Amino acid sequence: MLDVPGLSMKSHEYSPLESEDGLEFQPLRLRKSWLAFILKFAISILLFTVACVSGFFAGRWSAFATDESDDILHLTTFSRVFEYDATYGEPSNTSNAIWRSLIPHHGGFFNHPTIAPERSVFSVFHQLHCLDGMRKGFWELNNALNGDTIIDEENILKHAVHFKHCSDYLRQVLMCKPDMTLEIQNPILKAVEGFGVEHICRDWAELTRFVKEWETWGSN
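The following refers to the structure shown. Just so it is clear, the model here is predicted, and its values are computed rather than measured.

### Things to note about the nonpolar core
Part 1 of the argument: One finds L73, F110, I115, F122, F125, L207 and F210 to be the most contacted residues of the largest nonpolar core, which totals 16 residues.
Part 2 of the argument: Put simply, the parts of the chain that give this core at least two residues each are α4 (123-145) and α6 (204-214).
Part 3 of the argument: Setting aside residues up to four positions removed in sequence, I115 forms contacts with E68, S69, I72, L73, F110, F122 and F210.
Part 4 of the argument: Of all hydrophobic cores here, the second largest spans five residues; its members include M134, F163, C166 and L170.

### Things to note about the pattern of salt bridges
Part 1 of the argument: Enumeration according to the criterion identifies four salt bridges in this entry.
Part 2 of the argument: The salt bridge partner of D132 is R135, with a shortest N-O separation of 2.8 Å. Here D132 and its partner R135 are both found in helix α4, three residues apart, which amounts to about one turn of the helix. You'll find D132 and R135 in the same group, each marked buried.
Part 3 of the argument: Between D168 and R171 there is a salt bridge, with the nearest N and O atoms lying 2.7 Å from each other. With a gap of three residues between them, D168 and R171 both fall in helix α5 (residues 153-176), about one helical turn apart.
Part 4 of the argument: What makes D168 partly exposed here is its relative accessible area of 32%.
Part 5 of the argument: A relative accessible area of 36% means that R171 is categorised as partly exposed.

### Topic: the packing of aromatic side chains
For any pair of aromatic rings, geometry is given as the distance between the ring centres together with the angle between the planes.
Part 1 of the argument: The final tally for this structure, using the stated rule, is nine aromatic pairs.
Part 2 of the argument: Between F110 and F122 the ring centres are 5.0 Å apart and the planes differ by 35°, which places this aromatic pair in the tilted class. Placement of F110 in strand β2 (residues 109-112) and of F122 in the loop between β3 (116-121) and α4 is noted, with a sequence separation of twelve residues between them. The pair formed by F110 and F122 is uniform in burial state, with each residue classed as buried.

### Description of the state of the cysteines
In protein structure, a disulfide is the covalent linkage between the sulfur atoms of two cysteines.
Part 1 of the argument: Counted under the stated rule, the structure contains one disulfide.
Part 2 of the argument: One disulfide bridge connects C130 with C166, the sulfur atoms lying 2.0 Å from each other. In this structure, the disulfide formed by C130 and C166 twists by about -85° around the S-S bond and is classed as left-handed. Separated by 36 residues along the polypeptide, C130 in helix α4 and C166 in helix α5 bring together distant segments of the chain. In this pair, the class of C130 matches that of C166, namely buried.

Here is what the cut-offs are and how they apply
Residues numbered from 1 in each chain as written. Predicted model: local features only at pLDDT ≥ 70, side-chain atom pairs only at ≥ 80, totals over all residues. Heavy atoms only, no water. Core = buried A, V, L, I, M, F, W, Y, C linked by side-chain atoms within 4.5 Å. Buried < 20%, exposed > 50% of the residue type's maximum accessible area, 1.4 Å probe, protein only. Helix = DSSP H or I, 4+ residues; strand = E, 2+ residues; numbered from the N terminus. Contact = heavy atoms within 4.5 Å. Salt bridge = Lys/Arg side-chain N within 4 Å of Asp/Glu carboxyl O. Phe/Tyr/Trp six-rings, centres within 6.5 Å; stacked < 30°, edge-to-face > 60°. Disulfide = S-S within 2.5 Å.

Following this line, the structure appears as structure tokens:
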């Protein structure tokens, strides 16, 4: 979940979630086969989410604003062909930096006298936060499986809870206002790739500029 950050906090930190139903997780003995199972599950969820969310966030039926927000922001729409950028999926400082750059300094939280008198965030920033957390969790588990790093039970369980939370949250987001852009099947692959398809997008720069203008309003 995305915490409401105070002005002195770091932006969009990946905050821990409590275990569900009031149950505490018991310490687990790490075995390579068990870790491999978690990694395979993480890969499946991550690939599905990336494929869906990449089309959703910039798509015609994007859900990051209510009708009232639309009346205030008046975001520009334009055509854009999706192109694959591998940097967003890499486990690198560069990848971490570009993910951080997607979300304003205060985690996307802001106040506005009309649409957000209480501290609020457009859902899209929570969704990006979730997706980035899944990316980080995947690579942490991958590195542990390959023996490059050591990961303790607490971190494994933290990632498992976040995967469970984010996979269902993003599922509901995608189903709430589905992107109806048509993707043509690749006759060789017998599948769709998602990239090379034209979408009608909202101007991301305009959205983030609006949030930055109002993120400290009413904080004094």
